[in-house]
Amino acid sequence: NAASDARGSGRPQLARRIVAPDNPLTSRVMVNRVWHHLTGVGIVPTPDNFGVLGLPPTHPELLDHLATRFQREGWSVKRMIREIVLSRTYQMSSHPSAASEHDPANQWLHRMRIRRLESEAIRDAMLAVSGRLDKTMYGQAVPVYLTPFMTGRGRPGSGPLDGQGRRSIYISIRRNFLSPMMLAFDMPQPSAPMGRRTVSNVPAQALIMMNDPLVIEQAAQWARRLLSAQGASPESRIEQMYLQAFARPPTDEEQAAALTFLSEQAGRHGIPADQAATSQQTWADLCHVMFNVKEFIFIN
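Note that this is a predicted model, so its numbers are computed, not measured.

**Focus on the overall build of the chain**
Scanning the chain for helices and strands turns up 14 helices and two strands. Every one of the 300 residues in the chain was classed for burial, and the buried ones make up 37%. As displayed, the chain offers around 17,600 Å² of accessible surface, 56% of which is attributable to carbon and sulfur atoms. Positive and negative charge centroids in the chain, built from 33 and 26 side chains respectively, lie 11 Å apart.

**Things to note about the packing of helix α10 (residues 213-227) against helix α13 (residues 280-291)**
At a minimum axis separation of 8 Å, α10 and α13 run at an interaxial angle of 120 degrees. If you check the angle between α10 and α13, you find them oblique. The element α10 and its partner α13 pack so that their crossing is right-handed. Here Val215, Ile216, Gln218, Ala219, Ala220, Trp222, Ala223, Arg224, Leu226 and Leu227 of α10 lie close against α13, whose contacting residues are Gln280, Trp283, Ala284, Cys287, His288, Met290 and Phe291. Its residues assigned to classes, the contact of α10 with α13 shows 13 nonpolar, three polar and one charged.

**Thoughts on helix α7 (residues 119-130)**
Counted at 1.5 Å a residue, the expected span for α7 with its 12 residues is 16 Å, and the 17 Å between its end C-alpha atoms agrees. Within α7, nine of the 12 residues are buried, which leaves the element mostly enclosed by the surrounding structure. For α7, the set of buried residues is Ser119, Ile122, Arg123, Asp124, Ala125, Met126, Leu127, Val129 and Ser130. Following α7 by one or two positions, Gly131 has its phi on the positive side, about 85 degrees.

**What about a nonpolar patch on the surface?**
Together, Leu14, Ile18 and Val19 make up an exposed nonpolar region whose accessible area comes to about 250 Å². Its location among the elements puts Val19 in the loop between α2 (11-18) and α3 (25-39).

**Points about helix α12 (residues 252-268)**
Each turn of an α-helix holds 3.6 residues, which means side chains three or four residues apart point in the same direction. Between the first and last C-alpha of α12 there are 25 Å, a value that for 17 residues agrees with the 24 Å anticipated at 1.5 Å per step. For α12, the full list of buried residues reads Gln255, Ala258, Phe261, Leu262, Gln265 and Ala266. Summarising the axial view, the buried residues of α12 lie within an arc of 130 degrees, below the 170-degree limit, and thus occupy one face. Opposite its buried face, α12 presents the exposed residues Asp252, Glu253, Gly267 and Arg268, each directed more than 90 degrees away.

**Examining the environment of Ala284**
Here Ala284 lies in helix α13. Sequence separation between Ala284 and Arg224 is 60 residues; the distance between their C-alpha atoms is 8.0 Å.

**Focus: the packing of aromatic side chains**
Within the structure shown, the criterion is met by four aromatic pairs. Judged by centre distance (5.3 Å) and plane angle (70 degrees), the rings of Phe70 and Trp75 are edge-to-face. Taking relative accessible area as the criterion, Phe70 reaches 3% and is therefore assigned buried. A relative accessible area of 28% means that Trp75 is categorised as partly exposed. A cation sits over an aromatic face here: Arg166 above Tyr170, 4.2 Å from the ring centre.

**Remarks on the side chain of His36**
Tracing the backbone shows His36 in helix α3. By relative accessible area, His36 is classed as buried at 9%. From its side chain, His36 meets the backbone oxygen of Gly195 in a polar contact 3.5 Å long. Apart from the residues lying within four places of it in its own chain, the contact partners of His36 are Val41, Gly42, Gly195 and Arg196.

**Things to note about the pattern of salt bridges**
Scanning the entire structure with this criterion turns up 12 salt bridges. In this structure, Asp48 engages Arg33 in a salt bridge whose closest nitrogen and oxygen atoms are separated by 2.6 Å. Taken together, the residues Asp48 in the loop between α3 and α4 (60-72) and Arg33 in helix α3 connect sequence positions 15 residues apart. Between Glu295 and Arg248 there is a salt bridge whose closest N-O contact spans 2.9 Å. Here Glu295, found in helix α14 (residues 294-297), pairs with Arg248, found in the loop between α11 (234-246) and α12; they are 47 residues apart in sequence, far enough to count as distant. Residue Arg248 is classed as partly exposed on the basis of its relative accessible area, which comes to 23%. Linked through salt bridges whose partners overlap, the residues forming this network are Arg69, Glu73 and Glu83.

About the cut-offs
Residues numbered from 1 in each chain as written. Predicted model: local features only at pLDDT ≥ 70, side-chain atom pairs only at ≥ 80, totals over all residues. Heavy atoms only, no water. Helix = DSSP H or I, 4+ residues; strand = E, 2+ residues; numbered from the N terminus. Buried < 20%, exposed > 50% of the residue type's maximum accessible area, 1.4 Å probe, protein only. Areas by Shrake-Rupley, 256 points an atom, 1.4 Å probe, with all protein chains shown as cover. Lys, Arg positive; Asp, Glu negative; His and termini not counted. Charge placed at Lys NZ, Arg CZ, Asp CG, Glu CD. Axes fitted to C-alpha atoms, helices over the stretch in contact; angles between N-to-C directions. Parallel < 35°, antiparallel > 145°, perpendicular 65-115°, else oblique. Left-handed = near helix turned anticlockwise from the far one by under 90°. Contact = heavy atoms within 4.5 Å. Nonpolar A, V, L, I, M, F, W, Y, C, P; charged D, E, K, R; others polar. Expected span 1.5 Å × (residues − 1). Patch = residues over 30% accessible without salt bridge, like charges linked within 9 Å, V, L, I, M, F, W, Y side chains within 5 Å. Salt bridge = Lys/Arg side-chain N within 4 Å of Asp/Glu carboxyl O. Arc of directions from axis to C-beta. Phe/Tyr/Trp six-rings, centres within 6.5 Å; stacked < 30°, edge-to-face > 60°. Lys NZ or Arg CZ within 6 Å of the ring centre and 35° of its normal. Polar contact = N/O pair within 3.5 Å; in protein donor to acceptor, adjacent residues only side chain to side chain.

The following block contains the structure:
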């Protein structure tokens with residue numbers, strides 16, 4: 001009754017008002033964020049600001065359609081994701097077409113945008129192809145790995161280099177001791193919420209992929225995984241690498257280049273030519289190269 005409501009905190013009333021059918025803002029914001037994460041840019045390009053200081057929606061009718069459907073289907077995020085990824089818009093190629101001349105910013109969605117993986121997804125992808133990824137859900141957070149250069153007041157104990165293989169969501173966050181790899185790939189500072197991350201392309205990212213000990217370790221782990229298949233030919237291992245890293249088989253040119261690389265690396269390491277195809281070091285070097293291919297961290 002009204003009296004009990006007056007004596008309460010008002011939180012239940014606020015919650016009901018937020019999700020009321022006549023309040024479209026909540027569902028619009030949510031479906032816009034889903035669209036943003038799936039396609040790279042929201043229907044409202046400023047997901048944190050639907051006000052007058054934000055940008056207007058490029059497709060207001062589409063936003064309203066998705067918002068009302070989201071409410072009607074019980075606020076199910078899974079259903080909304082399924083609705084979007086099964087659409088023709090989501091399944092379009094990212095290759096430029098003749099329409100690019102008239103829509104250079106792709107505001108009218110004539111193609112899919114090329115998207116770079118987020119820092120957490122890049123780390124998880126390396127763990128996945130190396131076979132080290134632990135898909136166990138829930139549990140305690142794993143302490144972040146601290147390099148010798150991560151010093152300062154309140155320095156906690158360091159965790160394992162690969163975070164015990166756990167997904168990045170289970171790595172603990174210390175505001176003063178953030179992973180250099182995550183920061184290089186634009187992980188935001190945890191001091192404030194951020195609906196739209198910066199997506200940069202800077203030299204530090206290439207240096208991380210070439211020199212970070214986690215990358216080197218996972219390349220070696222991936223090589224061990226490939227060589228564990230007894231009796232497999234170098235060609236079949238290379239094909240397996242491409243399927244695991246890029247979800248496609250290699251072209252004839254890529255297959256030849258990989259075989260040449262194995263032979264050349266064997267010479268650099270002083271490994272006999274007849275052992276080049278079975279040397280873990282040469283395969284680890286090739287795996288490291290695969291991590292540094294743009295296709296590994298970009299979705300196109």
